[in-house]
Amino acid sequence: MANFGGKKFSKAQSGNKFSPTECSTSASGSGDMEKVLTALTDIQKRLINIEKVNESVEQIHGDLYDSDGIQERLKNVTQKSETTTSDVEVLKEENKFLRNEVDLLRNVVIRMDRRMDEISKDVVHLRGRSMRDNILIHGFAQFPGEDLYRCVPEAIKKNLGVDNVRFAVIHRNGKLLPNGKPVSITGKLMDRNKKFDILKAQAMKKREKKQIPFYITAQEPEEISEERKRLYNISDKFRNNQIATKVVKSQLVLPDGKVHEEAVKPLSNADVLSPSSEEQLQSVELVHTHSIERQGSFFFGVAGNAKTEADVNPIYKKACLYNDTASSNHRVLVYRFRSEDGKQLDGYFDDGEHGAGRRLLKFMKDRNIDDTAVVISRWTGAVHIGYERFKVMEELVQDAFDQLAGNRDMEA
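About the cut-offs
- Along every chain, residues carry numbers that run from 1 in the direction the sequence is written.
- Given that this is a predicted model, residues contribute local features only at a pLDDT of at least 70 and side-chain atom pairs are listed and counted only at 80 or more, while totals for whole chains, interfaces and linings are drawn from all residues.
- Hydrogen atoms and water are omitted, and side-chain values are computed over all heavy atoms in the structure.
- Strands qualify as paired when DSSP identifies two bridges or more between them.
- The secondary structure listing takes helices from DSSP runs of H or I that are at least 4 residues long and strands from runs of E that are at least 2 residues long, numbered from the N terminus.
- For helices, the fitted axis covers only the stretch in contact; all axes are lines through C-alpha atoms, and the angles between them, taken along N-to-C directions, range from 0 to 180 degrees.
- Whether two residues touch is decided by their heavy atoms; if any such pair falls within 4.5 Å, the residues are in contact.
- UniProt positions are given in the numbering used here, feature names are shortened, and annotations may be inferred rather than shown by experiment.
- Here the expected length of a helix is defined as 1.5 Å per residue gap, with one fewer gap than residues.
- Each residue's exposure class comes from its accessible area (1.4 Å probe, protein chains only) as a fraction of the maximum for that residue type: buried when under 20%, exposed when over 50%, partly exposed otherwise.
- A residue's pLDDT is simply how confident the predictor is in it, with values from 0 to 100.
- Only protein atoms enter the 1 Å grid, on which a cavity is a set of points fitting a 1.4 Å probe that cannot get out and a pocket is an open set with protein on both sides within 12 Å along at least 5 of 7 lines, lining residues being those with an atom within 4 Å of a point.
- Grid points are joined across faces, edges and corners, and a volume is the space filled by probe spheres set on the points.
- The classification used treats Ala, Val, Leu, Ile, Met, Phe, Trp, Tyr, Cys and Pro as nonpolar, Asp, Glu, Lys and Arg as charged, and all other residues, Gly among them, as polar.

**A word on the sheet that holds strand β4 (residues 167-172)**
Sheet strands associate in pairs through backbone hydrogen bonding, adopting either a parallel or an antiparallel arrangement.
Moving on, step 1. Ordered in space as β4-β5-β3-β6, the four strands form an open sheet in which the pairing is antiparallel. What marks the edges here is a single partner per strand, and that holds for β4 and β6 (215-218). Neighbour to neighbour, the strand axes of the sheet diverge by 20° on average, direction disregarded.
Moving on, step 2. One ladder, built from four bridges, connects strand β3 (residues 134-138) with strand β5 (residues 185-189); its direction is antiparallel. Among the inter-strand pairings, Asn134 is bridged to a residue of β5, identified as Lys188.
Moving on, step 3. Together, β3, β4, β5 and β6 form the strand contacts of helix α3 (residues 148-160), whose direction differs from that of β4 by roughly 100°.
Moving on, step 4. Packing against the sheet, helix α4 (residues 192-207) makes contact with β3, β5 and β6, and its axis sits at approximately 135° to β6.

Spelled out as structure tokens, the structure:
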């Protein structure tokens, strides 16, 4: 009798032959084993994956927490950021200090410029006082060995009828020109009243349309004479509109007695440096000419579109703020445009480059250059280049207008 799993079987029952039930049980056990093996294989694979994950976690942990890991790097970045923030604050304070210094220097320069302007006016006034007894004689025939103390008073008496003219000092203002044109004469009268007698007699000859072989003017500083010429040009425009004006010293007086105020005024360095609307100046579009050098003198032009006098002022100021123009000896402004009612308006300021504005304005009229404001800057050299400087300026005006005209065509 055999004992299996608590059941007893006889020898006869445990023979070599198996019943169908016993075969089924055997097959079922084999299938269970396969499932177990499959499960074990799957578990093994998962364990391998877990090991890989553990390795990755360890790698990440190392990347995070090692001495050169992300955490340490973040710590370094944080420290650098704090240092940078501190540096930025220091730079802000330094920038604030420097801005205050710049503002202070600007105010000092403005004050100095105004003082210099006052001193310059005083110098011009003193020069004018020193010349009040002087006359200039133009076109007086020039001969070798001439005696001006004798021949000039004789000529004045003969042509103007003014007698007893005597000079304390009289001389030619240079040597005879190669073209044979006589050089002007400067004479200091001993009696100032004779000056007024001479000018009055000459004016009478002019009204009578009688010619004399020379022409006499009162000597005065060039700054005053050029400004007076500019005012006379403005007075002529009023006269064309049937408005009578009078030039009194350096002012243009209207019929009602008020002084004419110009919409466009000359800018001093103090005016240029004074605070203004940055947005207004930034919106102004300018063109720049090429620079020209002549015997040590440099010329440069800046221009913009101008259709009203209100357009000219920001163009003028922005041009004076350029590094290329701020340090120049002269900044000549000339503008010309046609108003909405069809009137032709123009003007100029020489800024010490006497005669330049009038010549450039005439050049613009001859070339029909309209709706344009130009600022020509000049750095003077040691050599006087005479009339050539005006030709150079005219070339720059034409260059500036051509650029503006090209831009207008592109926009159209």
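**Looking at the UniProt feature "coiled-coil region" (unreviewed entry) in the protein**
Moving on, step 1. According to UniProt, the "coiled-coil region" (unreviewed entry) feature falls on residues 74-108.
Moving on, step 2. End C-alpha atoms of residues 74-108 are separated by 50 Å, and the span's content is 100% helix alongside 0% strand.

**Remarks on helix α5 (residues 222-240)**
Moving on, step 1. Between its first and last C-alpha, α5 extends 27 Å over 19 residues, near the 27 Å set by a 1.5 Å rise per residue.
Moving on, step 2. Of the positions making up α5, those classed as buried are Ser225, Glu226, Arg230, Leu231, Ile234, Ser235 and Phe238.
Moving on, step 3. Residues of α5 that are buried in the fold lie against β7 (246-248), β8 (251-253), β13 (344-349) and α10 (356-366).
Moving on, step 4. Following α5 by one or two positions, Gln242 adopts a phi angle in the positive range, close to 65°.

**Quick look at the confidence of the model for the protein**
Moving on, step 1. Scored by pLDDT, the protein has a mean of 86; 88% of the residues are at 70 or more.
Moving on, step 2. For residues 1-24, every residue scores under 50 in pLDDT, and the model assigns this stretch ten contacts once sequence neighbours within four places are set aside.

**What to know about the layout of surface pockets**
Moving on, step 1. Here the second largest pocket defines a volume of roughly 620 Å³.
Moving on, step 2. Around the second largest pocket, the lining is made up of 23 residues, and of these Ile234, Lys237, Gln344, Leu345 and Asp346 lie nearest the centre.
Moving on, step 3. Elements with a minimum of two residues in the lining of the second largest pocket: α5, β13 and α10.
Moving on, step 4. For the lining of the second largest pocket, the element with the most residues is α5, which contributes seven residues.
Moving on, step 5. Taken together, the residues of the lining of the second largest pocket sort by class into nine nonpolar, six polar and eight charged.

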